[in-house]
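Here is what each chain is made of, one letter per residue.
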Amino acid sequence: MTNEKKEPASLSEKVSKLILDDNNKTSATVDSKTISDSIAGSTSTTTDHPDSISESQVAQQVQNQRQQLEGNNTSASSNSSSSSSRISAIMNKSKIISSRKAGHHFNQKEHSFWDTQPMPHEAMGTSVETPMHSAIVPNKPKSSLRPEPYNMPKGFEWSNIDILDPEQLDEVYNLLTFNYVEDDDCMFRFDYSPAFLTWALTPPGFHPQYHLGVRSSKTKRLMALITGVPATVRVYDKLTPMVEINFLCVHKKLRSKRLAPVLIKEITRRVNHTGVFQAVYTAGIVLPVPVGSCRYYHRSLDPKKLIEVGFSRLSPRMTMARIQKLYRLPTETSNLGLRPMTPEDVNSAHELLATHLEQYDLVVKFTPDEFAHWLLPRDGVVSSYVAVSEETGKVTDFCSFYFLPSSVMNNPKHNVMRAAYSFYNVATSVDLKDLMKDALVLAKKENQDVFNALNLMKNNCFLEELKFGIGDGNLQYYLYNWACPAMESEKVGIVLL
Ligand code: MYA
């Protein structure tokens, strides 16, 4: 991809007009000392409580593991500098932190919170005190779990979010739209739609108490969020009930005050109370300790717009006409016969995906109901297409992608960039490459500007040929309180939103 050269990451102050407008309306003021003192108080409560693990034991494991990770991190940052696409950081939640991390040396003081958490430090091959393929801290009976919520800093309070209440959904939407993941040049910020958030947070069996907000006590304004949804996850051969954690967000005005660790501890406490002790999540930031590391790739669908918004750039030898020709797609799909998936296809498509996922080492084991929730098409949220055998009536091929636009900031012409993200795909009657070419055509028909895919599952077999360009950071996969060996990206079979 000579046409999409990444500019050096800007380290300038990240303030956009949009954010300033939002912040100006913020009435909550925060005394940084008060908040730290209060949070420090709640931390020490954790340490004393039986639901925390031995911090010195974890710290020792972390120290060992960091020596291993140091090499990995160095190579990740050098890859990063040769990347081709500026937006990939926002796509993979990594750029903000990865630029800070470049060339950074791990040291023992670096993760004062994560060092106290039951993370699989052995995964990098260091001394093993916890057996592999098991919990790091054993499950606890309810009676030994902390019964009361962690203390909130003065002026703030916990708030259970009812995501099915349109007003609260709107509050969550606004918090994220102005404060969630963005690139460090302040050009793009994820803009999850309200319909998307409802979908993401209400799978079968969802727990409202896993949708956890923090409000200003005075104004009741929503200032922070963390969410979880249940999933049964297979890691290697072990099937475990887990939560998928997502949408960790602290309002820009409350950053760097150690609020995130309190949110994480409180959701852990709530999840533990429902008998669940493991979690899966992704982040761009490298923390102790990823179980896998994937890379985003981007396929231009509207190259002109992507250049106009600053997502990609014309190289000196490229013209707009040539780049448009390079990325031109057929207007119709192939003769594979893809059509939108319907409820009648669910059983067959579910079986097809379940069989397909058997070959990976980190997957969700969907029930048919969960499959229907996650994969049946929803306008502007998720699209799924099937091809059905005329002979057997069974689904033979299946592709899906979800819609996650980004706000484009300070651009005279555009305020949104529409992105489709590859979700789950299975090809049995054609090559995956041919199926994914149809997926590109379908995403283009649905007005998307770019199609993103991680290099997980079998995706490597189509990325280059279908003209995807490599992104500039890694998306790290994590398992909370689970020890197992790290895996290659091709063995990762979960796509988190
Ligand atoms: S990933 C998306 C994360 N969100 C964003 O990037 C949105 C924009 N950023 C923000 O809103 C804030 O910067 C956040 C941090 C909230 C990220 N995952 O309060 P602080 C650690 C985990 O002073 P702030 C997603 O949603 C950091 O290393 N930890 O910092 C998955 C440091 O700890 P340590 C993170 O900047 C989330 C501490 O927080 C992350 O004001 C999975 C600093 O706290 C991160 N992305 O706020 C969460 N970023 O000193 C874990 C920073 O030790 C779930 N930190 O390095 C674990 C499982 C829980 C359930 C278990 C059930 C059993």
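Predicted, not measured: the structure shown is a model, and the values here were computed from it. (Residues numbered from 1 in each chain as written. Predicted model: local features only at pLDDT ≥ 70, side-chain atom pairs only at ≥ 80, totals over all residues. Heavy atoms only, no water.)

Novice: Even after reading the chapter, I still don't get the overall build of the protein chain, so can you show me in this structure?
Specialist: From N to C terminus, the protein chain includes 14 helices and 17 strands. Counting the 497 residues in the protein chain, one finds 59% classified as buried. The long-range fraction of contacts in the protein chain, counting pairs at least 24 apart against all pairs at least 6 apart in sequence, stands at 79%. (Helix = DSSP H or I, 4+ residues; strand = E, 2+ residues; numbered from the N terminus. Buried < 20%, exposed > 50% of the residue type's maximum accessible area, 1.4 Å probe, protein only. Contact = heavy atoms within 4.5 Å.)

Novice: Where do I start with the site of the ligand in this structure?
Specialist: As a matter of local geometry, the ligand sits amid 35 residues, with His111, Trp114, Leu248, Ser256 and Ala260 nearest to it. Within the backbone of Phe113, an N or O atom sits 2.8 Å from an oxygen atom of the ligand. Val250 has a polar backbone atom sitting 2.9 Å from an oxygen atom of the ligand. Mapped onto the shell around the ligand, the elements with two or more residues apiece are β5 (238–250), α8 (259–273) and β6 (279–283). Within the shell around the ligand, the residues separate by chemical class into 22 nonpolar, 9 polar and 4 charged. (Near = heavy atom within 4 Å. Polar contact = N/O pair within 3.5 Å; in protein donor to acceptor, adjacent residues only side chain to side chain. Nonpolar A, V, L, I, M, F, W, Y, C, P; charged D, E, K, R; others polar.)

Novice: Honestly, the confidence of the model for the protein chain in this entry has me stumped. Any pointers?
Specialist: Parts of the prediction with low pLDDT should not have their coordinates interpreted in detail. Taken residue by residue, the protein chain gives an average pLDDT of 82. The fraction at 70 or more is 76%. Summarising per-element confidence for the protein chain, the mean pLDDT is lowest in helix α1 (residues 17–24) (20) and highest in helix α7 (residues 194–201) (99). Counting contacts from residues 1–109, a segment whose pLDDT is below 50, to residues more than four positions away or on other chains yields 245 contacts. pLDDT under 50 marks residues 122–127. Its contacts with residues more than four places away, or in other chains, come to 23 contacts. (pLDDT = per-residue confidence, 0-100.)

Novice: How do you make sense of the environment of Arg299 when you look at a structure like this?
Specialist: Along the chain, Arg299 falls in strand β7 (residues 292–300). A relative accessible area of 3% means that Arg299 is categorised as buried. Beyond its immediate sequence surroundings of up to four residues, Arg299 is in contact with Tyr327, Arg328, Leu329, Leu440, Val450, Phe451, Leu466, Lys467 and Phe468. For Arg299, the side chain forms a polar contact with the main-chain oxygen of Tyr327, separated by 3.0 Å.

Novice: Help me out: how do you make sense of the packing of aromatic side chains in this one?
Specialist: Throughout the structure, instances matching the rule amount to 25 aromatic pairs. Centroid distance Trp199 to Trp374: 5.3 Å. Interplanar angle 75°. Geometry classified as edge-to-face. One end of the pair, Trp199, is in helix α7; the other, Trp374, is in helix α12 (residues 368–375), and 175 residues separate them in sequence. Here the two residues Trp199 and Trp374 agree in accessibility, since each one is buried. The positively charged end of Arg146 is found above the aromatic ring belonging to Tyr150, 4.0 Å away from the centroid. (Phe/Tyr/Trp six-rings, centres within 6.5 Å; stacked < 30°, edge-to-face > 60°. Lys NZ or Arg CZ within 6 Å of the ring centre and 35° of its normal.)

Novice: What is the right way to look at the packing of helix α6 (residues 166–179) against α7 in this model?
Specialist: The description of two helices packed together rests on the angle between their axes and the distance between the axes. Look at α6 against α7: their axes get within 10 Å of each other, and the N-to-C directions meet at 105°. It follows from the interaxial angle that α6 and α7 lie roughly perpendicular. Here α6 contributes Leu169, Val172, Tyr173 and Leu176 to the contact with α7, which in turn contributes Pro194, Leu197 and Thr198. Classifying every residue of the contact of α6 with α7 by side-chain character gives 6 nonpolar, 1 polar and no charged. (Axes fitted to C-alpha atoms, helices over the stretch in contact; angles between N-to-C directions. Parallel < 35°, antiparallel > 145°, perpendicular 65-115°, else oblique.)

Novice: So what exactly am I meant to see when it comes to the packing of helix α11 (residues 346–357) against α12 here?
Specialist: Following both chains from N to C, one finds α11 and α12 inclined at 95°, their axes separated by 10 Å at the closest point. For the element pair α11 / α12, the angle class is roughly perpendicular. Each of Val346, Asn347, Ala349, His350 and Leu353 in α11 lies in contact with α12, whose residues at this interface are Pro368, Phe371 and Ala372.

Novice: How should I be thinking about the nonpolar core in this particular structure?
Specialist: Ranked by size, the top nonpolar core spans 80 residues in total, and within it Val235, Leu362, Phe398, Tyr402, Tyr424 and Tyr477 carry the most contacts. When residues in this core are grouped by element, the largest group, 6 residues, is from strand β4 (residues 222–235). Two domains share this core, each providing at least three of its residues, namely domain 1 (13–293) and domain 2 (296–473 + 487–491). In this structure, Ala224, Leu259, Ile264 and Ala279 belong to the second largest nonpolar core, which totals 30 residues. (Core = buried A, V, L, I, M, F, W, Y, C linked by side-chain atoms within 4.5 Å. Domains from an automatic or database assignment.)

Novice: I tried to follow the sheet that holds strand β2 (residues 188–190) on my own but got confused; where do I start?
Specialist: Two orientations exist for strands paired in a sheet by backbone hydrogen bonds: parallel and antiparallel. Here we have 3 strands laid out as an open sheet, ordered β2-β12-β13, and antiparallel in their pairing. Two strands bound the open sheet, and with one partner strand each, they are β2 and β13 (416–417). Two strands pair when backbone bridges link them, and strand β12 (residues 406–408) and β13 are joined in this way by 2 bridges, in the antiparallel orientation. Bridge pairing in β13 places Ser407 opposite Val416. The strands touched by α6 are β2 and β12; relative to β2, the strand with the most contacts, the crossing angle is about 150°. (Pairing = 2+ DSSP bridges.)

Novice: Mind showing me how you'd approach α8 here?
Specialist: The periodicity of an α-helix, 3.6 residues per turn, causes residues three or four positions apart to be oriented the same way. An ideal rise of 1.5 Å per residue puts 21 Å on 15 residues; α8 measures up with 21 Å between its terminal C-alpha atoms. With 13 of 15 residues buried, α8 is to be regarded as a mostly interior element. Looking one or two residues past α8, Gly275 carries a phi angle of roughly 85°, positive in sign. (Expected span 1.5 Å × (residues − 1).)

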